[in-house]
Amino acid sequence: MTEYTHHIALVGAGTIGLSMLALHLRRPDTKVTVYDPRPDYESLVRAQLPAFLDSTLSTSREVSQNVINDLIASSRLTLAPSLQDAVQSATIIQEQTPEKLDSKQALWKEVVRFADREAHLWSSSSGIAASKQAAECDDHVAERLVVAHPFNPPHLMPLVEIVPGPQTKPERVEFVKTYFEDVPGPSHLPGSRNSQDRVQHYRPIILHKEVPGFVGNRLAFALLREACYLVGEGVVSARDLDSIVTASLGPRWAGSGVFESYHAGGGEGGIGGFLDKLAPTVKDVWGQLGRVDIQTGGQGDDEKEKWREVVVRQTEEAYGPNTSEETRLRKEVMLRGVIEMQKQCWSA
Ligand SMILES: NC(=O)C1=CN([C@@H]2O[C@H](COP(=O)(O)OP(=O)(O)OC[C@H]3O[C@@H](n4cnc5c(N)ncnc54)[C@H](O)[C@@H]3O)[C@@H](O)[C@H]2O)C=CC1
Ligand SMILES: O=C(O)[C@@H](O)C(=O)[C@H](O)[C@@H](O)CO
């Protein structure tokens, strides 16, 4: 029987859980047990996991099922019938359950009834602090619990926001950072210089404070709020706003982030020069940024079509009722290419 360095229990096999499963299976020193209360989760894993696994694995249905069967036969992958079975011998427990505080609190209380007292506890939450999730557990749980927030899809996206709570032990934080740094990237990426991807793929970043939404989502949601305002006000259509992003900020931010971009934009004066030169315009814009209410979908004047109705209608007109699997796969190929290009620049 192969001995593995890590045994991860993945709790929740939905959008993030399945992608995380493919991520962890890239580490040859790691075995994974999955649990989800959905009665059909095994068929979900068998149907969807092959598409997330590295492209070295053929995705023909028969081969895909053989790959899954081999993973199960070799005990690298186990589909557990209960939470207890999933966590009881795990060294790391990672949850990807619904983004609800009460359900995550209840989950951790249940997990620690069966799990090893020294197991690492990771949450994939988009914005619920580890300290809040552990609030109904004892200090020994709070010391082990840390948020490792991925961006979708985690089997591709390099960022992992590591957000410790005030009680999380530093060694637990260092462990999760090193773990993700050592996860290989997907092989055979379009445009990659070689089929074995040796450049570090994942970029875990440790935050120093717990804030709702952490950093990535706060930035994304600030942009989303202004985008909803502009479309709701009729300034621009949803499709054209998306084109403005993909024709400017998207390519720019793939190579240089917010501050590096404006540092370059400031010329000889750098970011300071930029802030000085652009202060009047930035002040004017900042003073007029839109405020839309996510709960009511309105923005003041109830006579007008509410911003939410405009955004949903125009987005569906542009892209259909939801994202098809064909579109998801096409976008994934583009995303892989962008990430591979980034890595070639990093490693240059
Ligand atoms: N969808 C996204 O783009 C991202 C989501 N996240 C976070 O990941 C977490 C999961 O999100 P998704 O995968 O999108 O949700 P999802 O709804 O696709 O999957 C959640 C899964 O959890 C299962 N579940 C429900 N209660 C459970 C329990 N008590 N024990 C075990 N499994 C249970 C459900 O059956 C479902 O399969 C959330 O905290 C979310 O904020 C993080 C980054 C991106
Ligand atoms: O954008 C992402 O992939 C992540 O930052 C998220 O957390 C999700 O968008 C989340 O906000 C929605 O589930």
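Residues numbered from 1 in each chain as written. Chains lettered and ligands numbered in written order. Predicted model: local features only at pLDDT ≥ 70, side-chain atom pairs only at ≥ 80, totals over all residues. Heavy atoms only, no water.

- Going by what an unreviewed UniProt entry lists, the protein chain is known as L-gulonate 3-dehydrogenase and is assigned to Penicillium cinerascens.
- The UniProt entry for the protein chain carries the following comment under Subunit (unreviewed entry): "Homodimer."
- Taken verbatim from the UniProt record of the protein chain, the Sequence similarities (unreviewed entry) comment is "Belongs to the 3-hydroxyacyl-CoA dehydrogenase family." (UniProt positions renumbered as here; feature names shortened; annotations may be inferred.)

1. Comments concerning the domain arrangement of the protein chain
- You can read the domains of the protein chain as domain 1 (6–206) and domain 2 (216–255 + 293–347).
- Across the contact, 26 residues belong to domain 1 and 15 residues belong to domain 2.
- Taken together, both faces of the contact between domain 1 and domain 2 bury some 1,600 Å²; the carbon and sulfur share is 58%.
- Applying the counting rule to domain 1 against domain 2 returns four residue pairs in polar contact (both at pLDDT 80 or more).
- Its residues placed into classes, the side of domain 1 that touches domain 2 shows twelve nonpolar, ten polar and four charged. (Domains from an automatic or database assignment. Contact = heavy atoms within 4.5 Å. Buried area = accessible area lost by both parts, 1.4 Å probe. Polar contact = N/O pair within 3.5 Å; in protein donor to acceptor, adjacent residues only side chain to side chain. Nonpolar A, V, L, I, M, F, W, Y, C, P; charged D, E, K, R; others polar.)

2. Observations regarding a nonpolar patch on the surface
- Nonpolar side chains collect at one region of the surface, where L223, W253, V258, F259 and Y262 lie side by side and expose about 500 Å² of accessible area between them.
- The element best represented in the nonpolar patch is helix α11 (residues 258–265), accounting for three residues.
- Assignment of secondary structure puts F259 in helix α11.
- Taking relative accessible area as the criterion, F259 reaches 65% and is therefore assigned exposed. (Patch = residues over 30% accessible without salt bridge, like charges linked within 9 Å, V, L, I, M, F, W, Y side chains within 5 Å. Areas by Shrake-Rupley, 256 points an atom, 1.4 Å probe, with all protein chains shown as cover. Salt bridge = Lys/Arg side-chain N within 4 Å of Asp/Glu carboxyl O. Helix = DSSP H or I, 4+ residues; strand = E, 2+ residues; numbered from the N terminus. Buried < 20%, exposed > 50% of the residue type's maximum accessible area, 1.4 Å probe, protein only.)

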